Amino acid sequence: MPSSLTSNGLNILLSLSFFFFALRVLYLYIHIRSARLFLFGFSMLVISFTAATDFVSGFFLFLHTDWFLFIGQAISLLFVLFSLLRTFDRHLELLIRVQLFVSALLLLLLAFSPFLPTSSTPWLFCFSAARSAICFAIFFYYLSIFFHKDTRFSLLMSLAFFLLSLGYLLTLPRYVLPDASLMDMVGDIVRVVGVLILSLSFTIS
Amino acid sequence: MKNDRNVNADLVAFDAAQSRSTTDELIFITQLLRSTRTMFHIDELLFWLEGQFVQRLQMQVAQCWAVQLDQFGQQTLNMRSQVYRDPSLPVHIVTNDQVMLLAKRIALSHENSFFQPVDTLFSSYQTILLKRYGLHYCSGCFIQQNILLPPPNSDLAAQCLPVPLRLVLLFFVHHSSSQNTLPLVNAIVEQALRIAKDRHLLHPLYEGPRLLPPPSSQVASLPPLSELVPRRLESQELLRSSNPLSGSLAIADKKARYLYKYIDGRLTIDRLASLLHVSLAEILPLLRLLLAQKWIQLYTSDGRQVQSGALR
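Quick summary incoming for the structure in this document. (Residues numbered from 1 in each chain as written. Chains lettered and ligands numbered in written order. Predicted model: local features only at pLDDT ≥ 70, side-chain atom pairs only at ≥ 80, totals over all residues.)

Within chain B, the regular secondary structure consists of eleven helices and nine strands. Buried positions account for 33% of the 312 residues belonging to chain B. Considering only residue pairs separated by 6 or more positions, chain B has 72% of its internal contacts joining residues 24 or more positions apart. (Helix = DSSP H or I, 4+ residues; strand = E, 2+ residues; numbered from the N terminus. Buried ≥ 20, exposed ≤ 12 C-beta atoms within 10 Å, placed from the backbone. Contact = placed C-beta atoms within 7 Å.)

Here the focus is the pairing of strand β8 (residues 296–299) of chain B. Residues and elements named next belong to chain B. Residues I296 and L298 line the buried face of β8, whereas the alternating positions Q297 and Y299 sit on a face that is not buried. Alignment of strand β7 (residues 229–232) against β8, held across four bridges, turns out to be antiparallel. Within β8, the residue paired with P230 across the bridge is L298. For β8 and strand β9 (residues 305–306), the ladder comprises two bridges, and the chain directions are antiparallel. Counted as the bridge partner of Y299 is Q305 from β9. Turn length for the β8-β9 hairpin, with the two strands adjacent in sequence and antiparallel, is five residues, and the turn residue G303 shows positive phi of about 95 degrees. (Pairing = 2+ DSSP bridges.)

This part covers helix α3 (residues 42–56) of chain B. Residues and elements named next belong to chain B. Taking 1.5 Å of rise per residue, the 15 residues of α3 would be expected to cover 21 Å, and the 21 Å separating its terminal C-alpha atoms lies within 8% of that figure. The element α3 is extensively covered by neighbouring structure, given that twelve of its 15 residues are classed as buried. The inward-facing, buried residues of α3 abut α2 (23–35), β1 (59–69), β2 (75–84), β4 (137–149), β5 (163–173) and α7 (182–198). Positive phi appears at Q58, one or two residues downstream of α3, with a value of about 60 degrees. (Expected span 1.5 Å × (residues − 1).)

All names here are of chain A. Two elements in contact, helix α3 (residues 66–85) and helix α5 (residues 121–148), have axes whose closest approach is 9 Å; the angle formed by their N-to-C orientations is 20 degrees. On the basis of the axis angle, α3 is roughly parallel to α5. Helix-helix and strand crossings are classified by hand; for α3 and α5 the assignment is left-handed. Packed against α3, whose contacting residues are D66, F70, I71, Q73, A74, L77, L78, V80, L81 and L84, the element α5 presents L124, F127, S128, A130, R131, I134, C135, A137, I138 and Y141 at the interface. (Axes fitted to C-alpha atoms, helices over the stretch in contact; angles between N-to-C directions. Parallel < 35°, antiparallel > 145°, perpendicular 65-115°, else oblique. Left-handed = near helix turned anticlockwise from the far one by under 90°.)

Accessible area lost upon the coming together of the parts serves often as the stated size of an interface. Listed as interface residues are 22 residues of chain A and, on the opposing side, 16 residues of chain B. Mapped by element, the contributors of at least two residues to the side of chain A that touches chain B are α1 (3–32), α2 (35–57), α6 (152–170) and α7 (181–204) of chain A. Its residues placed into classes, the side of chain A that touches chain B shows nine nonpolar, seven polar and six charged. (Nonpolar A, V, L, I, M, F, W, Y, C, P; charged D, E, K, R; others polar.)

Once that is clear, we can look at the nonpolar core. Ranked by size, the top nonpolar core spans 53 residues in total, and within it C135, I138, A160 and F161 of chain A carry the most contacts. Listed by contribution, the elements that provide at least two residues to this core are α1, α2, α3, α5, α6 and α7 of chain A. Ignoring any residue separated from it by four or fewer positions in sequence, one finds A160 of chain A in contact with G194, I197, L198 and S201 of chain A. Core analysis: the next-biggest nonpolar cluster, separate from the first, contains 51 residues, W48, L89, C138 and L193 of chain B among them. (Core = buried A, V, L, I, M, F, W, Y, C linked by C-beta atoms within 7 Å.)

Residue and element names in this part refer to chain A. Where α5 contacts α6, the two axes come as close as 8 Å, and the packing angle between them is 160 degrees. Judged by the inter-axis angle, α5 sits roughly antiparallel to α6. The way α5 lies across α6 gives a crossing that is left-handed. The residues of α6 that touch α5, namely those facing S128, R131, S132, C135, F136, I138, F139, Y142, L143, I145 and F146, are S154, L155, M157, S158, F161, F162, L164, S165, Y168 and L169. When the residues that make up the contact of α5 with α6 are grouped by side-chain class, the tally is 15 nonpolar, five polar and one charged.

Residue and element names in this part refer to chain A. Within the element layout of this structure, L159 appears in helix α6. Residue class for L159 comes out buried when judged on the 20 C-beta atoms lying within 10 Å of it. Between the C-alpha atoms of L159 and L198, which are 39 residues apart in sequence, the distance is 8.2 Å.

Mapped onto the elements of the fold, L37 of chain A is located in helix α2. For L37 of chain A, the contacting residues outside a window of four places in its chain are V25, L28 and Y29 of chain A together with L238, L239 and P244 of chain B.

Turning to unusual backbone geometry, a few remarks are in order. Residue and element names in this part refer to chain B. In this model, Q58 sits at a positive phi of 60 degrees, which is unusual for a non-glycine residue. Within the secondary structure, Q58 is located in the loop between α3 and β1. We note that H277 has phi near 55 degrees; this positive angle belongs to a residue other than glycine. Looking at the secondary structure, you find H277 in the loop between α10 (269–275) and α11 (280–292). You can call H277 exposed: it has 7 C-beta atoms within 10 Å.

Let us now look at the environment of Y137 of chain B. All names here are of chain B. Mapping Y137 onto the fold places it in strand β4. Y137 gets classed as buried once you count the C-beta atoms within 10 Å, which come to 23. Distance from Y137 to V118, taken between C-alpha atoms, is 5.1 Å for residues 19 residues apart in sequence. In contact with Y137, not counting residues within four places along its chain, are F115, Q116, P117, V118, V173, S176 and S178.

Shown next as structure tokens:
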């Protein structure tokens, strides 16, 4: 199976499912005005957008969207983590303002993507590792919630983020080893499963 | 002065029994003595107790049912108050006919205390629902004393008569280890009812239906209802242990949902009513619903939290 097929499949699945759930979460935010919902929903929206642009950039090679993809996803996952850790309204509202500001900068990054240099390997490695680490932190947090209060939602979310973390980790060797396309493909498949479980957690919990 | 003497007597009596009290009981009673100074109705004390049981004893849901007498002399068992640990828990899971039947059974059998898995108490469907939200066990107790329980503090209950105290406390918990807390609960409730009697929240049987209204000085210390400020309560479990898209988080009632959108923590009840072009009588039931479902909390204009009983 060519690695581009799994990569495109992951992008499409990530983009569509995250977009769908982001819309539902943001719609709920309009009704109950929970800051955590906004942070989570907006982060999913950004991740969905990064996946969509990555898919499109496969057809327009002059768009160097790697910067937007890696930085956008890492930052969005970081906001998901912060939204879970913070409790007080004023902290969450401050996070919203920071997220909106950072997202505006990310859009600038996307707008200037044709003029950006091709992302270098060390930076890609760092950003990819950051995504894996943040997903692992989120997995650990949901796991601790599950041990404290065993709900199906926290179990599935912990499993989803564990698989996402593992998937990102499996893509790291391709930046340092000469022939690691197989591992990259496996990483994509693992992330596909992670996204499916994430979708399941929002559907059946 | 008389109250202070009674309080001192409470403290002296409590000191005498201190050797057999646990640390938890000490903490509870100390806080109870402090909190009851600003309470004006027994429902506030019951609500406070349930809140403490949920918070400190790791209970998920605490309910208080009481036998009441309506103006026609009919005895009914009604829920006086309930507290959830997780505000996102759907109301219908623990507020339904099956739970009411259980409370009635306990009231009729005068069962002092029990602790059982929910499988043995409810139908299979109800058990599945309860277990889905982690409510694996149900415990409770029946309390009966020769003192009068005033009617609920609400407009609807204005015509009800005081009745000898018969309460059923029901708790829903996660783990079987919560069984060990039942003796503590019984001890605390006993002390709480004694304190309530000293504070005139409960009345001796001989007073009969001639219950005196609260002293005017106590009534004056609470601001008028229309000047209270509702504030939103953020569910801490949102996106952590509860799925926001499960359908249980949205406010079911359309009018209450509409009202909730305008609550910003600064507008008083009066201002909200005029903003929405409704009367106070129309907005109060919606606020009660939001309060009961833990979407909001009430505060005075200077930021003091008000017990939920103020809205009844």
